[in-house]
Amino acid sequence: MNINGLMNLSLLWRAASEVFPYFDQRDTDWDAQYEAFISRMAAVRDDREAYLLLAAFATLLGDGHTDVTLSKAMRDEIGYLPFQLKHIGNHWYVGGIVEEHRDLLLTRIERLKGEDFPVLLNRVFAHIHQVDGHASRTRVERYLPLFLSPTGNRLETSGGSMSFDLQPQPPAMAELPEPEPGVSCRELLRTESVRLSVLDGGFLRIALPHLLDRAVAETIRETVRSLPRPRGIILDLRGCIGGMTLSGARVAQLLIPGEFHACRKWTRTMRGCDFASASQMSRWSPEAIERWLTSGMTSREELQESLNLSRRSLYENYTDSFGQPGDEAIFDQPCILLTDRDTLSAAEDMTAMFRSNSRATILGERTYGSTGTPLLVPLRGGGTARVVSVGYRLLDGTEFINRGIQPDVPMAPSAEDLLAGRDVLLDEAIRRLS
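Only a predicted model underlies this, so the values are computations on that prediction, with no experimental measurement involved.

A.B. asks: What is the right way to read the sheet that holds strand S6 (residues 153-157) from this model?
C.D. replies: Backbone hydrogen bonds hold the strands of a sheet together, and the pairing may be parallel or antiparallel. Read across the open sheet, the 4 strands follow the order S5-S4-S6-S7; overall the sheet is antiparallel. Of all the strands in the sheet, the pair left with one neighbour each is strand S5 (115-116) and strand S7 (160-164). In the sheet, strand S4 (residues 109-112) pairs with S6 via 3 bridges, with the strands oriented antiparallel. For Ile109, the partnering residue across the bridge sits in S6 and is Thr157.

What follows is the structure in structure tokens.
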């Protein structure tokens, strides 16, 4: 019996029961699934199998911010891939690879360890969240080695093949050339948090790989102040892994004046005594309910609230708010926002700010479709589970969790574009601003 596995299963079940905001939107009996997984976990003896089972349990909730991350010690023990993945259209490609096999860069992956890659991926997807066949590249790369052998694996692609062993540490990779626009580009600033470039024609590109830097907005503000007024701004959130919504909001405040909103949100609400009362009311017979209603001891509204609480579907609903009345933006001319399938988490919050306030044309691919502050649950034996705590819709009520925010102008690069280093989305943004 794997005691750590059973404890971790209980920790995850309890955390989701306390904070998960989508129970009434998921066709999952969480308690019944917990009971079924207890029996399965009790039969597990291997730690890897226990983590895979725990990850499968988290995946039942169908949320990209509810998942299980293996400990680094376990990842080191399992080993690392000698290549990276990239999802383009409906296929997966080699996005990076050890130097001696550079010729396989951006070739389509067809088979791995003798198995058709889509079939193998479906087995991986039973343990990680995916939306229409797309998943976080990092998460796929971390779980895929659990389905391979330590040695003697074979990768077959549209451009050739390679035999490989899993590596004891993440190896150095040959990567694709960074795509560049078709016009001249002068880089002003490049840090881990932001890349600022002036493009021919007087356009400013602001690229944000993440939103973990609280000071990034001020860095952008000071740099823009020192420049001639740009003709337009291109805000590039492609591949932005997210971070802190507040960091994204501070950047948005540079371009959106005054107080503004982005999303409708909801989160679980509960006091212990309220939950205790709800547990009693939920057991009343129809006759007892009518007696209490007739006597005035409760109302139908209070009764419904108690029933919702007992079903884990009582929420506090609110609309987010950023900026202050009277705040001035540093730029009020046209903006274009670039997105792709790897624009996620706080980067989607930021995209929602521009969509809900009609402040920028969104060009590119739909976003990933996952955000919401996750509760972190340290696991016994190492690793971490996360459970999303906040539900989201766009300000107009549009659902985007598990769907993504749709662009105003759909456009995606081809594998040929990427291999040639062409940034066709940036070129199109420049064309539209010109």
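A.B. asks: In this structure, what is going on with the side chain of Thr351? I would like to understand it.
C.D. replies: Relative to the elements of secondary structure, Thr351 occurs in helix H12 (residues 346-356). Side-chain polar atoms of Thr351 contact the backbone oxygen of Ala347, separated by 2.8 Å.

A.B. asks: Would you mind showing me how to read the packing of aromatic side chains here?
C.D. replies: How two aromatic rings sit relative to each other is set out by the distance from centre to centre and by the angle between their planes. Taken as a whole and assessed by the stated rule, the structure comprises 11 aromatic pairs. Where Phe20 meets Tyr22, the ring centres are 5.7 Å apart and the plane angle is 65 degrees; that geometry is what we call edge-to-face. Residues Phe20 and Tyr22 agree in their burial class; the two are buried. Where Phe37 meets Phe57, the ring centres are 5.1 Å apart and the plane angle is 45 degrees; that geometry is what we call tilted. One end of the pair, Phe37, is in helix H2 (residues 30-42); the other, Phe57, is in helix H3 (residues 47-59), with 20 residues separating them in the sequence. The class for Phe57 is buried, based on a relative accessible area of 0%. The structure contains a cluster of three or more aromatic residues connected by ring pairs, namely Trp13, Phe20, Tyr22, Phe23, Trp30, Tyr34, Phe37, Phe57 and Trp266. One cation-aromatic arrangement involves Arg26 over Tyr22; the distance from NZ or CZ to the ring centre is 4.7 Å. Positioned above the aromatic ring of Phe37 is the side chain of Arg40, whose terminal nitrogen or guanidinium carbon lies 4.6 Å from the ring centre.

A.B. asks: Could you clarify how one ought to interpret the nonpolar core in this entry?
C.D. replies: For soluble globular proteins, the rule of thumb is that nonpolar side chains tend to be buried together. Grouped together as the largest cluster of nonpolar side chains are 112 residues, with contacts concentrated most on Val68, Leu208, Ile220 and Phe354. No other element matches the 9 residues that H3 contributes to this core. If we skip the residues at most four places from it in the chain, Phe354 touches Leu235, Ala252, Leu255, Ile256, Leu337, Arg359 and Ala360. Ranked by size, the runner-up nonpolar core spans 13 residues in total, among them Ile234, Leu338, Val424 and Ile430.

A.B. asks: Could you clarify how one ought to interpret the layout of surface pockets in this entry?
C.D. replies: It is a probe the size of a water molecule, rolled over the atoms, that shows where empty space is left. Of the voids in this model, the second largest pocket is the one considered here, and its volume is about 350 Å³. In terms of lining, the second largest pocket is formed by 17 residues, of which the most central are Tyr80, Thr138, Glu141, Arg142 and Pro170. Counting only elements with at least two residues in the lining of the second largest pocket, the list comes to helix H4 (72-78), strand S2 (83-88) and helix H6 (137-143). Among the elements that take part in the lining of the second largest pocket, H6 stands out by supplying 4 residues, more than any other. Among the residues making up the lining of the second largest pocket, the classes are represented as 9 nonpolar, 3 polar and 5 charged.

A.B. asks: How should I be thinking about helix H8 (residues 245-253) in this particular structure?
C.D. replies: Structural remark: α-helix, 3.6 residues per turn; residues separated by three or four positions point the same way. Residues of H8 that are buried: Thr245, Ser247, Gly248, Ala249, Val251 and Ala252. Lining the buried residues of H8 we find helix H7 (216-225), strand S12 (232-236), H12 and strand S19 (390-394).

How each quantity is defined
- All residue numbers here refer to positions counted from 1 along the written sequence of the relevant chain.
- With the structure being a predicted model, the display of local features is reserved for residues of pLDDT at least 70 and the display and counting of side-chain atom pairs for 80 or more, all residues being used for whole-chain, interface and lining totals.
- Here the side-chain values reflect all heavy atoms present in the structure, with hydrogen atoms and water set aside.
- Criterion used throughout: strands pair if DSSP finds at least two bridges between them.
- Helix and strand assignments come from DSSP, with helices taken as H or I runs of at least 4 residues and strands as E runs of at least 2, each series counted from the N terminus.
- As used in this structure description, the phrase polar contact means that two N or O atoms lie within 3.5 Å; if the pair is within protein, one of them must be able to donate a hydrogen and the other to accept it, and residues adjacent in sequence are counted only when both atoms belong to side chains.
- Only Phe, Tyr and Trp rings take part, Trp by its six-membered ring, and two of them pair if their centres are within 6.5 Å. Stacked means planes under 30 degrees apart, edge-to-face means over 60, and tilted covers everything else.
- Exposure classes here rest on a 1.4 Å probe applied to the protein chains alone. A residue is buried below 20% of its type maximum, exposed above 50%, and partly exposed in between.
- Two conditions define a charge located above a ring, namely a distance within 6 Å from the ring centre to NZ of Lys or CZ of Arg, and an angle within 35 degrees of the ring normal.
- Each nonpolar core is a collection of buried residues, namely Ala, Val, Leu, Ile, Met, Phe, Trp, Tyr and Cys, held together in the definition by side-chain atoms within 4.5 Å.
- Note on contacts: a residue pair is in contact if any heavy atoms of the two residues lie within 4.5 Å.
- Here a cavity means grid points, on a 1 Å grid over the protein atoms only, where a 1.4 Å probe fits yet cannot get out; a pocket means an open set of points with protein on both sides within 12 Å along at least five of seven lines; lining residues are those with an atom within 4 Å of a point.
- Grid points are joined across faces, edges and corners, and a volume is the space filled by probe spheres set on the points.
- Residues are grouped as follows: nonpolar covers Ala, Val, Leu, Ile, Met, Phe, Trp, Tyr, Cys and Pro; charged covers Asp, Glu, Lys and Arg; every other residue, Gly included, is treated as polar.

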